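Residue-level structure breakdown
One letter stands for each residue in the lines below.
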Amino acid sequence: MRALYFGLIAITVGSTALYLSRYFFDIGLWDDFVTGYTLVLVAYTCYLFALLFVHDLRPRRYPRYAGGKIAVLIPVFNEEPELVERSIRAVVEAEGEKQVIVVDDGSTNGVQSHLRTLAEELGFRLHEVPENAGKREALFHATKWLLDDDAEYVVTIDSDTVLDPAALVRVVEPLLCPEIGASTGDVQLLNERQNLLTRMIGTYYWIGLNIYKQAQSVIRSVVCCSGCLAAYRASVLRAIIDDFAEQTFLGEKCTHSEDRHLTNLVLKAGYDVVYVPEAVSWTETPATVRDFVRQQRRWKRGYVRESLFTLTYAWKVKPLLWLQIFFWDLSAPFLSLGLRLGIVAMAFQRPHLLLTVVLPSWIALLFIRYIFVPLRATRKLPGLLLYMFFYELCLYWLNLWALFTVKNKSWVTRVQPVTAESSTVF
Amino acid sequence: MKKRMAVWVVVLPLLAVFSMSLVGTALASQATVQGKAGALVPPHPDQGKLVLLETGGSFSLFKEYFGLKPSSSVCWVSARTLASLQARYATSVSTVDLGARGSFRLVTVQDADTGHVRQVIGQNPCALVQSHRTFFLPLDGHTS
């Protein structure tokens, strides 16, 4: 992992050096780099579209739910009482034979008393941790000690997630296939219409789920079972939970992106992981730029760390996933730094070219890349345009920030309501 | 199923345009200064300099997008001509590798006026080159 991490830093520095080399050395080196990057981009895009084509041509069907017990784990920390009640009630009312376990992770806002009352009324199991130890510890403890012996599936959801009545049974249905170890469902936003930012995030979610996660599902290698709604085969979860709890990165204990690491461990164990769009959940998203950026900083740190982790094993069990992560998912954001620096320089040196050449071609090409938005979710088109700019101006640069601060543990305990720190979705 | 497949009637041609325009532009940018400069540099290049002239002129977004517009010329000019160009326009210096003939310093003259450049260059040997561009393709917003 250490070598891979420093390799990623080398890619970033190398891309910058290549860009700068055009000013001091032979410009041909930079030309070759841009050509290579472009060819890989085209190859990746064709690969992505090919996977989506296969999905549309032969949509996957799973056996129907046959009544196996589903243990639903809901970790809670400082959640607003009405939000967590809404979430628990939706779970209790959902289809399927269930064991509902709520773990209060040392909340300090007094939500415990509300949970106790609810537990008596609805009959779920409530476990209270005296001090906040993080979501990872809560999942570990619940898996280790609180699951019923006859639970066949474990579904984890966030304390602000609201499930569709059929979501539980839909999300566990793939697990009836013995080769599938985990699955995840669709996540929609409860507050999408709140403001421009939430509309933009709504598009961001739609693309992430209906393009990227859908494509990953075709090769049965979804890289993140979202904490909003994730299902695991109980026997698989029990087998990997110790490794999960003990994860370290560069010598430090990991405390965030637990959903992504759980998915990684399932894939590493040789199981498939799939996406089930019919399993629908709703969640709240940050409604201010500050909260959204804060969430994205955490997600991007997890993305860097867990993508590196994927590279350590996927070449053995999921070679296609390894190639995808190695050649595009992980390297592209850092390889493209030089290209972006070129654009920044152009903005100062030749702004007319930026406006008349780069901008129109960029929009045209992104429109083609995300053609499924206008074709299948037309109302999300304005959000797509907004997202494209927001990504370039802000989110892209968080990748670099994440790369150089990936060990930072400042989020070891959650001090904000979970609504602002919801689980990774992609 | 039919509805889902129907969108591919639109998607596949667009994907083809996307791929071909990117690959075509990327490959076209390879035939740039090096190829043209090799023919311009005299056998004994003691006197003179390689200059890349980026001139203005009528702008066509379509031509720019598909890389059809040769908006730059590479020339072999005398030191005196170069000095007069540098006196009027912003310039930058890089190195161009001409294989067995070695490396040459390349002075890029930016946003030059076409009429004035013609006047200054006179009979100096020049060759048109494809303008180089970089597409801004940050299509990786969902890898995190």
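What you see is a predicted model; the values in this text were computed from it and never measured.

Parameters and conventions
Residues numbered from 1 in each chain as written. Chains lettered and ligands numbered in written order. Predicted model: local features only at pLDDT ≥ 70, side-chain atom pairs only at ≥ 80, totals over all residues. Helix = DSSP H or I, 4+ residues; strand = E, 2+ residues; numbered from the N terminus. Buried ≥ 20, exposed ≤ 12 C-beta atoms within 10 Å, placed from the backbone. Contact = placed C-beta atoms within 7 Å. Axes fitted to C-alpha atoms, helices over the stretch in contact; angles between N-to-C directions. Parallel < 35°, antiparallel > 145°, perpendicular 65-115°, else oblique. Left-handed = near helix turned anticlockwise from the far one by under 90°. Pairing = 2+ DSSP bridges. Nonpolar A, V, L, I, M, F, W, Y, C, P; charged D, E, K, R; others polar. Arc of directions from axis to C-beta. pLDDT = per-residue confidence, 0-100.

So, on to the overall build of chain B. In terms of regular secondary structure, chain B is built from 6 helices and 5 strands. Traced from its N-terminal end to its C-terminal end, chain B shows the element sequence α-α-α-β-α-β-α-β-β-α-β. A total of 144 residues make up chain B; the buried ones form 35% of that total. A fraction of 75% describes how many contacts in chain B between residues 6 or more apart in sequence connect residues 24 or more apart.

Packed helices, taken two at a time, are described by the angle their axes make and the gap between the axes. All names here are of chain A. Where helix H10 (residues 289-317) contacts helix H11 (residues 319-329), the two axes come as close as 8 Å, and the packing angle between them is 140°. Relative to H11, the element H10 lies oblique. Our pair here, H10 against H11, has a crossing hand that is left-handed. On H11, the residues that touch Ser307, Thr310, Leu311, Ala314 and Trp315 of H10 are Pro319, Leu321, Trp322, Ile325, Phe326 and Asp329.

All names here are of chain A. Taken together, the 8 strands give an open sheet; going across it, the order is S3-S2-S1-S4-S7-S6-S10-S5, and neighbouring strands pair in mixed fashion. Two strands bound the open sheet, and with one partner strand each, they are strand S3 (125-129) and strand S5 (162-163). With 9 bridges joining them, strand S6 (residues 180-189) and strand S10 (residues 272-283) adopt parallel strand pairing. What sits directly across from Ser183, in S10, is Val274.

Moving on, we come to the packing of helix H3 (residues 81-93) of chain A against helix H4 (residues 111-122) of chain A. All names here are of chain A. Close contact between H3 and H4 brings their axes to 10 Å; oriented N to C, the two are set at 25°. Relative to H4, H3 is oriented roughly parallel. Crossing geometry of H3 relative to H4 is assigned as right-handed. Together, Pro81, Val84, Glu85, Ile88 and Val92 of H3 and Val111, His114, Leu118 and Leu122 of H4 make up the contact between the two elements. Among the residues making up the contact of H3 with H4, the classes are represented as 7 nonpolar, 1 polar and 1 charged.

A few words on the pairing of strand S7 (residues 230-233) of chain A. Residues and elements named next belong to chain A. Because side chains alternate across S7, one face comprises the buried residues Ala230 and Tyr232, and the other comprises Ala231 and Arg233, equally buried. Pairing geometry for strand S4 (residues 151-156) and S7, over 4 bridges, is antiparallel. Bridged to Thr156 within S7 is Ala230. Relative to S7, S6 runs antiparallel, the two sharing 3 bridges. Residue pairing in the sheet places Ala182 in a bridge with Tyr232 of S7.

Listed as buried for H11 of chain A are Leu321, Gln324, Ile325, Trp328 and Asp329 of chain A. All buried residues of H11 of chain A lie within an arc of 110° about the axis, which places them on one face of the element.

A separate point is the confidence of the model for chain A. Of all residues in chain A, 95% have pLDDT values of 70 or greater, and the mean over the chain is 88. In this model, residues 411-421 of chain A is a region of pLDDT below 50 whose contacts with residues beyond four sequence positions or in other chains number 27 contacts.

Another point: the environment of Val96 of chain B. Residue and element names in this part refer to chain B. Relative to the helices and strands, Val96 is located in strand S3 (residues 91-97). You can call Val96 buried: it has 21 C-beta atoms within 10 Å. Sequence separation between Val96 and Val107 is 11 residues; the distance between their C-alpha atoms is 9.8 Å.

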